[in-house]
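Coordinates in review
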Amino acid sequence: MLSVSVVVPIFNEFENIPLLHQRLTESLVELGRDYEILLVDDGSRDGSAEALRALAASDPHAKIIRFRRNYGQTAAMQAGLQMATGDVIVTMDGDLQNDPSDIRMMLDKIDEGYSVKTRF
């Protein structure tokens, strides 16, 4: 069974972090697969860094990458993608614009033999 890495850029999302983590964890545990959640703090100034540190201390699935300053979503996403160890990488927004429960639908399609092809 394929393992999953979820990469989430975070910038000043202090208020969203608890719900984001809860919803991601619920959805990922239901899958019954190995998983990790990579939360990339893109230089937040609102207490997000402290909230993420506390989260990582309480959840071994949560991994934190922290930028000293804001480099932008693209750099944060790239850092998360480089650190991801899962067979499948899912990217999401930190404000739950993407529904974590949709991860199952994507993985079901992959399990059926569908694939995403990229060209570099």
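As a reminder, the structure under discussion sits directly above these lines.
About the criteria used
- Residues numbered from 1 in each chain as written.
- Predicted model: local features only at pLDDT ≥ 70, side-chain atom pairs only at ≥ 80, totals over all residues.
- Heavy atoms only, no water.
- Pairing = 2+ DSSP bridges.
- Helix = DSSP H or I, 4+ residues; strand = E, 2+ residues; numbered from the N terminus.
- Axes fitted to C-alpha atoms, helices over the stretch in contact; angles between N-to-C directions.
- Contact = heavy atoms within 4.5 Å.
- Parallel < 35°, antiparallel > 145°, perpendicular 65-115°, else oblique.
- Left-handed = near helix turned anticlockwise from the far one by under 90°.
- Salt bridge = Lys/Arg side-chain N within 4 Å of Asp/Glu carboxyl O.
- Phe/Tyr/Trp six-rings, centres within 6.5 Å; stacked < 30°, edge-to-face > 60°.
- Buried < 20%, exposed > 50% of the residue type's maximum accessible area, 1.4 Å probe, protein only.

A few points about the sheet that holds strand β2 (residues 35-41)
On the basis of which strands lie adjacent, the open sheet formed by four strands has the order β3-β2-β1-β4 and parallel pairing. The open sheet is flanked by β3 (62-66) and β4 (88-91), the only strands paired with a single partner. Strand-to-strand twist in this sheet, taken as the mean axis angle between neighbours without regard to direction, amounts to 20 degrees. The pairing of strand β1 (residues 4-10) with β4 spans four bridges and is parallel. Looking across to β4, one finds that valine 6 is bridged to valine 90. Its contacts with the sheet place helix α1 (residues 17-31) against β1 and β2, and it is angled at close to 160 degrees to β2.

Side note on the packing of α1 against helix α4 (residues 102-111)
Packing of α1 against α4 leaves a shortest axis separation of 9 Å and a crossing angle of 30 degrees. Looking at the two axes, α1 sits roughly parallel to α4. The crossing of α1 and α4 is right-handed. Each of Leu24, Leu28, Glu30 and Leu31 in α1 lies in contact with α4, whose residues at this interface are Ile103, Arg104 and Leu107.

Looking at the pattern of salt bridges
In the structure shown here, the tally under the stated rule is six salt bridges. Close ionic contact of aspartate 99 with arginine 23 constitutes a salt bridge, the shortest N to O distance being 2.8 Å. With aspartate 99 in the loop between β4 and α4 and arginine 23 in helix α1, this pair connects stretches of sequence that are 76 residues apart. With a closest N to O distance of 2.3 Å, aspartate 111 and arginine 33 form a salt bridge. Of this pair, aspartate 111 sits in helix α4 while arginine 33 is found in the loop between α1 and β2, placing the two residues 78 residues apart along the sequence.

Description of the environment of leucine 96
Among the secondary structure elements, leucine 96 is positioned in the loop between β4 and α4. Between the C-alpha atoms of leucine 96 and leucine 24, which are 72 residues apart in sequence, the distance is 9.5 Å. Those residues in contact with leucine 96 that sit more than four places away from it in its chain are Leu19, Leu20 and Arg23.

With respect to the packing of aromatic side chains
By the definition in use, this model includes one aromatic pair. For the pair phenylalanine 67 and tyrosine 71, a centre-to-centre distance of 5.4 Å together with 90 degrees between the ring planes defines the contact as edge-to-face. Assessed through its relative accessible area of 47%, tyrosine 71 is described here as partly exposed.

The quantities given are spatial measurements derived from coordinates; they are silent on function.
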